[in-house]
Amino acid sequence: MAFFKKLKEKISGTNETVTEKFKEGLSKTRNSFTSKVNDLVARFREVDEEFFEELEELLLQADVGVETVMELVDELRWEVQRKNIKNTEGIQSVISEKLVEIYKAGEELDTDLNMQDELTVILMVGVNGVGKTTTIGKLAARLKDEGKTVMLAAGDTFRAGAIDQLVVWGERVGVEVIRQSEGSDPAAVMYDAIRAAKSRKVDVLICDTAGRLQNKVNLMNELEKVHRVIGKEIEGAPHEVLLALDATTGQNALIQAQTFKEATNVTGIVLTKLDGTAKGGIVLAIRNKLNIPVKFVGLGEGMDDLQPFDPEKYVYGLFADGLEKEAEE
């Protein structure tokens, strides 16, 4: 139980509202996955090979990913042997500890945005329908609340209604949106936006992009061109390339991530709709498979439900009920 106590101590020193958001946002996964773990612990008095096999199956159902599951179960076997654990009492605490360790993979991942002293350019990428525009709006609101001036660039000029959707978010948040007509060259929009952001001395420019995956070559060429134009105007930009992924699509999100990773230098993941899936283990699969940090997660519909990712709060959200029950006992 030492891990659970440490976890509670670390979390209690942070914003309780945010901790509750993780607990609430992961309720679907917890109700599905953790209730099954509880059943498993109740059925097995001893930690034996059959217990590990059934635990493997549960983790795979939560979309943790084959490689991550194998690594986790191997680590658990070693830990059980090392600590001479004979029964399943307190096993959830051990599982939780190993999940945090695997996510961190021996290193503290930087989940902070790479903010610059002058203009910071954030490029948002992702397929249509993952909540990319909504994420841009919520991120703009978050940065504005932190006292930064924000501008948006409507670079998705191909999808009907994409520009209007971004403009609506701009009005809602109270930030300017630089746009051209539908069908315009996205790189030209970025050029105009950077010039405007510089002249108005804006702190952060968030750029939307098209999300078509039908033709990977076109997507790559387009993103490379946008990247090139931004880099020409500001050395070292874009400073962040955030990939929006829909958590409800599970393993398909990994395929999308791989495609975008090939097309552009993705620096962080924004995992949307985490509250809408029973397969929240995809966070671990992304980290393990792609070695890209999850920087933000969508935990609900509200404006403040886009939260910076925290592995401890995430694991607490997954196991809150079981861990608290173990602590009581």
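Sequence order as written defines the numbering, with residues in each chain counted from 1. Given that this is a predicted model, residues contribute local features only at a pLDDT of at least 70 and side-chain atom pairs are listed and counted only at 80 or more, while totals for whole chains, interfaces and linings are drawn from all residues. The side-chain numbers reported here are obtained from all heavy atoms of the structure, hydrogens and water having been left aside.

Participant: Explain the pairing of strand 4 (residues 204-207) to me, please; I cannot follow it from the model alone.
Facilitator: For a regular strand, side-chain orientation follows a simple rule: the groups alternate between the two sheet faces. Residues Val 204 and Ile 206 point to one face of strand 4 and Leu 205 and Cys 207 to the other, with burial holding for every one of them. Pairing geometry for strand 1 (residues 120-125) and strand 4, over 4 bridges, is parallel. Bridge pairing in strand 4 links Val 121 to Leu 205. We call two strands paired when DSSP finds no fewer than two bridges between them. Labels follow the DSSP assignment, with helices taken as runs of H or I lasting at least four residues and strands as runs of E lasting at least two, numbered in each case from the N terminus. Sheet topology places strand 2 (residues 150-153) next to strand 4; 4 bridges connect them, and they run parallel. Relative accessibility under 20% of the residue-type maximum defines a buried residue, over 50% an exposed one, and the middle range a partly exposed one, all with a 1.4 Å probe and only protein chains included.

Participant: Got a minute to help me understand helix 6 (residues 91-104) in this structure?
Facilitator: Because each turn of an α-helix spans 3.6 residues, side chains separated by three or four positions end up pointing in the same direction. Helices are assigned an expected span. That span is 1.5 Å times one less than the residue count. The end-to-end C-alpha distance of helix 6 is 20 Å, a good match for the 20 Å that 14 residues give at a rise of 1.5 Å each. With respect to burial, helix 6 is a largely interior element, 13 of its 14 residues being buried. Phi turns positive, to about 50 degrees, at Ala 105, one or two residues after helix 6.

Participant: In this structure, what is going on with the pattern of salt bridges? I would like to understand it.
Facilitator: Opposite charge on two side chains permits pairing when their charged atoms draw close. Salt bridge, as used here, is a side-chain nitrogen of Lys or Arg placed within 4 Å of a carboxyl oxygen of Asp or Glu. Counted according to the given criterion, the structure contains 23 salt bridges. Residues Lys 132 and Asp 208 are paired through a salt bridge, measuring 2.9 Å at the closest nitrogen-oxygen approach. In this pair, Lys 132 is assigned in helix 7 (residues 132-145) and Asp 208 in the loop between strand 4 and helix 10 (216-233), connecting sequence segments 76 residues apart. Asp 208 carries the same exposure label as Lys 132, and that label is buried. Ionic pairing is found between Lys 313 and Asp 310, a salt bridge with its closest N-O pair at 3.7 Å.

Participant: How should the environment of Leu 40 be read in this particular structure?
Facilitator: Looking at where Leu 40 falls in the secondary structure, it is placed in helix 3 (residues 27-43). Spatially, the C-alpha atom of Leu 40 lies 19 Å from that of Gly 317, the residues being 277 residues apart in sequence. Residue contacts are defined here by distance: any two heavy atoms, one from each residue, within 4.5 Å place the two residues in contact. Other than its neighbours up to four places away in sequence, Leu 40 contacts Phe 51, Glu 54, Leu 55 and Leu 58.

Participant: Would you mind going over the sheet that holds strand 4 with me for this structure?
Facilitator: Pairing between sheet strands relies on hydrogen bonds along the backbone, with the strands arranged either parallel or antiparallel. The mixed open sheet is built from 8 strands, whose spatial order is 3-2-4-1-5-6-7-8. Each end of this open sheet is capped by a strand with a single partner; those strands are strand 3 (176-178) and strand 8 (306-308). With direction set aside, neighbouring strand axes in the sheet form an average angle of 25 degrees. Inspection of the sheet shows strand 2 paired to strand 3 by 3 bridges, in the parallel sense. Within the sheet, the bridge partner assigned to Met 151 lies in strand 3 and is Glu 176. Here an axis means a line fitted to C-alpha atoms, over the contact stretch when the element is a helix, while the angle between two N-to-C directions is reported on a 0 to 180 degree scale.

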